[in-house]
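Residue-level structural notes
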Protein chains: 2
Amino acid sequence: MANNQTNDFTEWYLQTVQQAELMSYSPVRGSIIFRPDGFELWEHIQEEFNKFLRKEGIRNAYFPMLIPQSFFMKEADHIEGFAPELPWVTEVGNEKLEEPLALRPTSETMIGSAFSDWINSYRDLPYEINQWANVFRWEKKTLPFLRTSEFLWQEGHTAHVDEEDARRRTMRVLDEYARLCEEFLAIPVYKGQKTPSERFAGAVDTYSIEAMMKDGKAVQAGTSHYMGTKFAQAFDITYLNQENQHTLAHTTSWGVSTRLLGSLIMTHGDQNGLVFPPTVAPTQVVLIPVGPWKKNPAIMEKLDEIFATLKQKGIRVRLDDSNNSPGYKFNEWELKGACIRVECGPRDLENGHVMVKMRDLDGKETVKFEDLESYIDEQLQAMTPRLLQAAKERNKANEHYDINTLDELKAHIEKSKAEGKVPGFVLIGWDGTEETEAKIKEETGFTTRNIPFEVPMQKEFDIVSGKPAKHTLWIARAY
Amino acid sequence: MANNQTNDFTEWYLQTVQQAELMSYSPVRGSIIFRPDGFELWEHIQEEFNKFLRKEGIRNAYFPMLIPQSFFMKEADHIEGFAPELPWVTEVGNEKLEEPLALRPTSETMIGSAFSDWINSYRDLPYEINQWANVFRWEKKTLPFLRTSEFLWQEGHTAHVDEEDARRRTMRVLDEYARLCEEFLAIPVYKGQKTPSERFAGAVDTYSIEAMMKDGKAVQAGTSHYMGTKFAQAFDITYLNQENQHTLAHTTSWGVSTRLLGSLIMTHGDQNGLVFPPTVAPTQVVLIPVGPWKKNPAIMEKLDEIFATLKQKGIRVRLDDSNNSPGYKFNEWELKGACIRVECGPRDLENGHVMVKMRDLDGKETVKFEDLESYIDEQLQAMTPRLLQAAKERNKANEHYDINTLDELKAHIEKSKAEGKVPGFVLIGWDGTEETEAKIKEETGFTTRNIPFEVPMQKEFDIVSGKPAKHTLWIARAY
């Protein structure tokens, strides 16, 4: 199996995602192939988030992937933020294009231009659209799922009559992202506001959910932006208000991406491979015949029967009747993150039971044939909150509140390293200056994650300048 | 409303898809915006085809969109076929790429290369993958949905131990495409084999389903290709057979695209706008209060109650309580293709009934409140086969079997025009030469559609050369 998880977490990650066949590298720099088990994780996330969209009356649409250069130029901060990472189509066949076309890194410009056409009156507002799409950002350093040149995401774009309504949408989506991560993916998150230097290019305010991986590093798992009227100005998104006056709309945008797959793996995976909550696991139950099962056809008959029953209930079940040894199969399905393993051999059959192993628990349970169906139902229900609870406890142990100076932070990092612990998330006081952020990053590699909505405790002084703190925020190393 | 459908069908189409808000033009040549009602049609098709994939054990995956130039060069016919239409990424940020990257027009090369890595033994076969993706073909003439520079599709790619197994997959998918069109979309299709000149670039055999639009023109609605070992040779897709010998796999590929949306509209639409089968209609039922309903709150109470009941059953229902007049609403929802319109005014309420209008039938029915739910269920069931039947009858009337020479074909075309009829599909004898195909196209604009599996009658002589016919096939003007 993969490299030791504690020795070199990144190496463990890289080996696991390949060996478990979640992804393959591709011939295009920084782009990966989402293999079926990897892509299926994304399909379950799509399905879950689409439920929220339907409930909110936000409809899916699809916009062109190629964005004319002139569109990008309309919002100055936006082009400045994205320019270095943009791939450009300059030719078709053998002919040069008159205007280069960018591969979308995000669609504010394209959708802003459409909104300008579609929105006329206050009666059209709020105008709320979502898109599932591939996007491109040519990052220098890439990592499967977490940072790839092409990735998949959803991007929601909305226009509103005023700031209040736009901010309500921004927050409501952030709450849903947090719910999606915690209840559905069993990933605890930290909700808060990004500092100005970490804002989305062109946003007035950016809010994020941050997740802590097993190695203590952060992943920005989702963002929701309030744009004010900046994009409305750039793209002329105006409406006639009730007094018949032309008025600028307030817009928002928000997204989660296939980064979530990386977060899933790095939150739950263990030394034996992948661990997934049943909500998204491609294999919820795997049935494995053991002992001299080939000489005893009744074993496969029983397993076929169990398979049919579970399948019929919509459970994602697989039956491994290959020629590999049971031990090999146990390892393989642990690697792939099957939630529940059901074993049945000659003696089990005689005794009218199976042996059941939960992926996230030690030890096996003996379960009678007649109880198996309800046992599996219960375990599929119980596993997701159990994983969330475990992750929360781990996070708690890796949160640090008592670091008040840069020297203390450095000492903490060194001590963690020496003790084989992860440095985790550190709560600091911040005077609101970019100088502090730059200094922390330069000296420790830590970056500001967000200013949490729920501050565990108020910090009084800036960690670098020692001046009175304007905000209390989380810093961490980040993917 | 839109232009007259019989006078200028294309103009009717272009106006209808925009007015009904299925699409908008975009600033990128030949690329369209799929607005929510347009995109939802595609979502329903995806859902339906995914059921088939799941049943067949074919899993979804996602491959990089950018394809290195060198990949295209590996299969000579393939690059020759696609080269003129390929958009190229040549720069990122301000830097030139070492190797240009094409925007995928299809993914045989990318997936072939992955198959080469993943497939080792006969035990790995068949290896069957599907991808939902955006693809790019820079066509000279574009038409919303039917021919756009960027479009959405599914592409299935499979590898097999031998020709027999690969051909079985090719045909099975073609059958499913036909079923999808007929039973799900109510679009009758003609199944058959493409002539060599119309084959997919690199295929050994290409099979298609062809649909006849209301103006008698053909749409190639889906294709399934048997590749032989051509791509296996180009990308080294080999496996160890049971005798431990390296053996070339046989591959297939197959796809349907958002062209299906164009086919839907052009098959069922009428003078009043869109007509959709309930299987895909974004609005299955629309509820409209009529008469002085604002003075009589009990009307809206009743409609709210009906709305809640239908919604709860999963029916896509809308309640139009806007300030527009009933007549305006009737027109708007006919334009948008709502399947069933339910009207309720003061007198209806008194009498305990509603008025119901089916989009595809003349006249209204009176339906008692207590019968409405089951009436709607029945009508939603009945409408799709009814639309299919209507389309089949229209097709039948526009099939021509008695045209034996090019002069007769020209005369037929002129006569049709003079009589305001559509020239439709013409069954001809073909000697198997490209000369005949070229001559027909040059003189009449008709192209060979396919050699049908079920020939209505055998034609003895080639329509151009008069030589004995090798095949009997359909020709038509095509989108």
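Per an unreviewed UniProt entry, chain A goes by the name Proline--tRNA ligase and belongs to Enterococcus cecorum. Note on chain A: under the UniProt heading Catalytic activity (unreviewed entry), the record states "tRNA(Pro) + L-proline + ATP = L-prolyl-tRNA(Pro) + AMP + diphosphate". On record in UniProt, under Sequence similarities (unreviewed entry), the comment for chain A is "Belongs to the class-II aminoacyl-tRNA synthetase family. ProS type 3 subfamily."

1. Considering the relation of the copies chain A and chain B
Laying chain A over chain B is done by rotating through 180 degrees and shifting 0.0 Å along the axis; what remains is an RMSD of 0.0 Å. These values place the two chain copies in the arrangement generated by a two-fold rotation axis. Of the C-alpha atoms belonging to chain A, the one lying closest to the rotation axis is found on valine 89 of chain A, 2.1 Å away. The residues that chain A uses at the interface reappear at the interface of chain B in 100% of cases, marking a shared surface.

2. As for the packing of helix α1 (residues 9-19) of chain A against helix α8 (residues 259-268) of chain A
All names here are of chain A. Running from N to C, α1 and α8 cross one another at 115 degrees; their axes reach a closest spacing of 11 Å. Regarding α1 and α8, the two cross each other, and that crossing is right-handed. For the pair formed by α1 and α8, the contact residues are Phe9, Trp12, Tyr13 and Val17 on the first element and Gly262, Ile265 and Met266 on the second.

3. Re the domain arrangement of chain A
In terms of domains, chain A is made up of domain 1 (4-268), domain 2 (285-380) and domain 3 (402-476). Just the C-alpha atoms count here: the centres of domain 1 of chain A and domain 2 of chain A sit 40 Å apart.

4. Structural notes on the interface of chain A and chain B
Taken residue by residue, the interface counts 50 residues in chain A and 50 residues in chain B. Applying the counting rule to chain A against chain B returns 4 salt bridges. For the salt bridge of arginine 59 of chain B with glutamate 40 of chain A, the shortest nitrogen-to-oxygen distance reads 2.8 Å. On inspection of chain A and its partner chain B, the count reaches 26 residue pairs in polar contact (both at pLDDT 80 or more). Residues belonging to the side of chain A that touches chain B are distributed by class as follows: 33 nonpolar, 7 polar and 10 charged. Pairing of strand β5 (residues 87-92) of chain A with strand β5 (residues 87-92) of chain B, which is carried by 5 bridges, proceeds in the antiparallel orientation. Counted as the bridge partner of proline 87 of chain A is valine 92 of chain B from β5 of chain B.

5. A few points about the pairing of strand β18 (residues 353-358) of chain A
Residue and element names in this part refer to chain A. Among the 6 residues in β18, 5 count as buried, and that is most of the element. Here 4 bridges tie strand β17 (residues 340-344) to β18, and the two strands are oriented antiparallel to one another. Paired with isoleucine 340 across the bridge in β18 is methionine 358. The pairing of β18 with strand β19 (residues 364-368) spans 5 bridges and is classified as antiparallel. Its bridge partner lying in β19, histidine 353 is registered against lysine 368. The turn joining β18 and β19, which pair antiparallel and follow one another in sequence, is formed by 5 residues; a positive phi near 80 degrees is taken by glycine 363.

6. Observations regarding the packing of aromatic side chains
Using the criterion set out here, one finds 40 aromatic pairs over all chains in the structure. A ring pair is formed by phenylalanine 49 of chain B and tryptophan 254 of chain B, whose centres lie 6.4 Å apart and whose planes are at 70 degrees; its orientation type is edge-to-face. Taken together, the residues phenylalanine 49 of chain B in helix α2 (residues 36-56) and tryptophan 254 of chain B in strand β14 (residues 250-257) connect sequence positions 205 residues apart. Each member of the pair, phenylalanine 49 of chain B as well as tryptophan 254 of chain B, is classed as buried. Look at phenylalanine 71 of chain B and phenylalanine 235 of chain B: their rings are 6.0 Å apart centre to centre, the planes differ by 50 degrees, and that puts the pair in the tilted class. Pair noted here: phenylalanine 71 of chain B is in helix α3 (residues 69-73) and phenylalanine 235 of chain B is in helix α7 (residues 230-235), with a separation of 164 residues, a long-range link. By relative accessible area, phenylalanine 235 of chain B is classed as buried at 4%. Members of the aromatic cluster, each reached through a chain of ring pairs, are Trp42, Phe49, Phe52, Trp132, Tyr177 and Trp254 of chain A.

7. Comments concerning helix α10 (residues 326-335) of chain B
Residues and elements named next belong to chain B. Taken together, the buried positions of α10 are occupied by Lys329, Phe330, Trp333, Glu334 and Leu335. Along its buried surface, α10 packs onto α1 (9-19), β15 (285-289), β16 (317-319), β17 (340-344), β18 (353-358) and β19 (364-368). Once α10 ends, the next one or two residues include glycine 337, with phi positive near 80 degrees.

8. Here we look at the packing of helix α13 (residues 406-418) of chain B against helix α14 (residues 434-444) of chain B
Residue and element names in this part refer to chain B. Two elements in contact, α13 and α14, have axes separated by 11 Å at closest approach and are oriented at 30 degrees. It follows from the interaxial angle that α13 and α14 lie roughly parallel. Viewed along their axes, α13 and α14 form a crossing whose handedness is right-handed. Only Lys439, Ile440, Glu443 and Thr444 of α14 make contact with α13, whose side of the interface consists of Leu406, Leu409, Lys410 and Ile413. Considering only residue class, the contact of α13 with α14 consists of 4 nonpolar, 1 polar and 3 charged.

9. Concerning the environment of threonine 170 of chain B
Residues and elements named next belong to chain B. If you trace the backbone, threonine 170 turns up in helix α6 (residues 163-184). Look at threonine 170 and you get buried, because its relative accessible area is 1%. If sequence neighbours within four positions are ignored, threonine 170 has contacts with Tyr207, Ser224, His225, Tyr226 and Thr252.

10. Quick notes on the pattern of salt bridges
Applying the stated criterion to the full structure yields 74 salt bridges over all chains. Ionic pairing is found between arginine 316 of chain A and glutamate 40 of chain A, a salt bridge with its closest N-O pair at 3.5 Å. With arginine 316 of chain A in the loop between α9 (297-312) and β16 (317-319) and glutamate 40 of chain A in helix α2 (residues 36-56), this pair connects stretches of sequence that are 276 residues apart. For glutamate 419 of chain B, the salt bridge goes to lysine 421 of chain B, with nearest N and O atoms at 3.3 Å. Residue classification places lysine 421 of chain B among the exposed residues on the basis of a relative accessible area of 53%. What you see here is one network of salt bridges that share partners, running through Glu48, Lys51, Glu176, Arg179 and Glu183 of chain A.

Cut-off values and rules
Residues numbered from 1 in each chain as written. Chains lettered and ligands numbered in written order. Predicted model: local features only at pLDDT ≥ 70, side-chain atom pairs only at ≥ 80, totals over all residues. Heavy atoms only, no water. UniProt positions renumbered as here; feature names shortened; annotations may be inferred. Least-squares fit on C-alpha atoms with pLDDT ≥ 70 in both. Contact = heavy atoms within 4.5 Å. Axes fitted to C-alpha atoms, helices over the stretch in contact; angles between N-to-C directions. Helix = DSSP H or I, 4+ residues; strand = E, 2+ residues; numbered from the N terminus. Left-handed = near helix turned anticlockwise from the far one by under 90°. Domains from an automatic or database assignment. Salt bridge = Lys/Arg side-chain N within 4 Å of Asp/Glu carboxyl O. Polar contact = N/O pair within 3.5 Å; in protein donor to acceptor, adjacent residues only side chain to side chain. Nonpolar A, V, L, I, M, F, W, Y, C, P; charged D, E, K, R; others polar. Pairing = 2+ DSSP bridges. Buried < 20%, exposed > 50% of the residue type's maximum accessible area, 1.4 Å probe, protein only. Phe/Tyr/Trp six-rings, centres within 6.5 Å; stacked < 30°, edge-to-face > 60°. Parallel < 35°, antiparallel > 145°, perpendicular 65-115°, else oblique.

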